[in-house]
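One-letter residues, chain by chain:
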Amino acid sequence: MSAALAAAALFFTFLLGLLVLDELPVTLLGAYGLFSAVAFVMYGADKSAAERGRWRTSESTLHTLALIGGWPGALVGQQVFRHKTTKRPFRTIFWFTVIANCVAFAWFVHEAPLALP
């Protein structure tokens, strides 16, 4: 779990650095925080549902949440709840969503203006 927590902490430290440098709007930092918290909770809820034989969160929902910015929370949730850590197809798609989100984030930070003239 420590590597997942370290990766998420490093990413949020990076976001905070960009915020301090006025290269990132506070709303984007808030969105990453919110989506990460929701992803973390959803992984916990899905693990609990799996153990109890109840209704599960679809994998596409978990992937979508990671794609839109919840991947740090999802990464930590996977490790904390020991959920979705061995299913290779899920993990492969998950890492593609992380890469896609990071590429989109890099484009946004590099290309999108923070303030309109």
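This is a predicted model, so every value here is computed, not measured. (Residues numbered from 1 in each chain as written. Predicted model: local features only at pLDDT ≥ 70, side-chain atom pairs only at ≥ 80, totals over all residues. Heavy atoms only, no water.)

S.K.: Please provide a residue-by-residue account of the side chain of histidine 83, values included.
M.R.: Here histidine 83 lies in the loop between helix 3 (59-80) and helix 4 (88-111). Histidine 83 sits in the buried class, given a relative accessible area of 6%. Separated by 2.6 Å, the side chains of histidine 83 and aspartate 46 make a polar contact. (Helix = DSSP H or I, 4+ residues; strand = E, 2+ residues; numbered from the N terminus. Buried < 20%, exposed > 50% of the residue type's maximum accessible area, 1.4 Å probe, protein only. Polar contact = N/O pair within 3.5 Å; in protein donor to acceptor, adjacent residues only side chain to side chain.)

S.K.: Describe in detail the nonpolar core, supporting the description with residues and values.
M.R.: Membership of the largest hydrophobic core comes to 20 residues, with the highest contact counts inside it found for Leu15, Leu24, Tyr32, Tyr43, Trp71, Phe94 and Phe105. The set of elements that each furnish at least two residues to this core consists of helix 1 (2-20), helix 2 (26-52), helix 3 and helix 4. Counting residues per element, this core draws most heavily on helix 3, at six residues. Not counting residues within four places of it along the chain, the set of residues in contact with tryptophan 71 comprises Phe11, Tyr32, Leu65, Ala66, Phe94, Val98, Asn101 and Cys102. (Core = buried A, V, L, I, M, F, W, Y, C linked by side-chain atoms within 4.5 Å. Contact = heavy atoms within 4.5 Å.)

S.K.: Just give me the short version of the pattern of salt bridges, but keep the residues and values in it.
M.R.: For the coordinates displayed, the defined rule picks out three salt bridges. Where arginine 56 meets aspartate 46, a salt bridge forms, and the shortest distance between an N and an O atom there is 2.9 Å. Here the residue arginine 56 occupies a position in the loop between helix 2 and helix 3, and aspartate 46 occupies one in helix 2, the gap between them amounting to 10 residues. A relative accessible area of 33% means that arginine 56 is categorised as partly exposed. In this structure, lysine 84 engages glutamate 59 in a salt bridge whose closest nitrogen and oxygen atoms are separated by 2.9 Å. Of this pair, lysine 84 sits in the loop between helix 3 and helix 4 while glutamate 59 sits in helix 3; the two residues are 25 residues apart in sequence, bridging distant segments of the chain. A residue is classified by how much of its surface remains accessible, and glutamate 59, at 27% relative accessible area, is partly exposed. Among the charged side chains, a network of salt bridges with common partners joins Glu59, Lys84 and Lys87. (Salt bridge = Lys/Arg side-chain N within 4 Å of Asp/Glu carboxyl O.)

S.K.: Can you tell me about the packing of helix 1 against helix 3, naming the residues and giving the values?
M.R.: Put simply, helix 1 and helix 3 touch, their axes get as near as 8 Å, and they point 165° apart. Between helix 1 and helix 3, the angle is such that the two are roughly antiparallel. In this structure, helix 1 meets helix 3 at a crossing whose hand is left-handed. Taken together, the residues of helix 3 that come into contact with helix 1 (itself represented by Ala4, Leu5, Ala7, Ala8, Phe11 and Phe12) are Trp71, Pro72, Leu75, Val76 and Gln79. Each residue belonging to the contact of helix 1 with helix 3 can be placed in one class, and the counts come to 10 nonpolar, one polar and no charged. (Axes fitted to C-alpha atoms, helices over the stretch in contact; angles between N-to-C directions. Parallel < 35°, antiparallel > 145°, perpendicular 65-115°, else oblique. Left-handed = near helix turned anticlockwise from the far one by under 90°. Nonpolar A, V, L, I, M, F, W, Y, C, P; charged D, E, K, R; others polar.)

S.K.: Tell me what's going on with helix 1, and back it up with residues and numbers.
M.R.: In a regular helix each residue adds 1.5 Å, so 19 residues correspond to 27 Å; helix 1 covers 26 Å between its end C-alpha atoms and thus fits that length. Of the residues trailing helix 1, aspartate 22 is marked for its positive phi of about 60°. (Expected span 1.5 Å × (residues − 1).)

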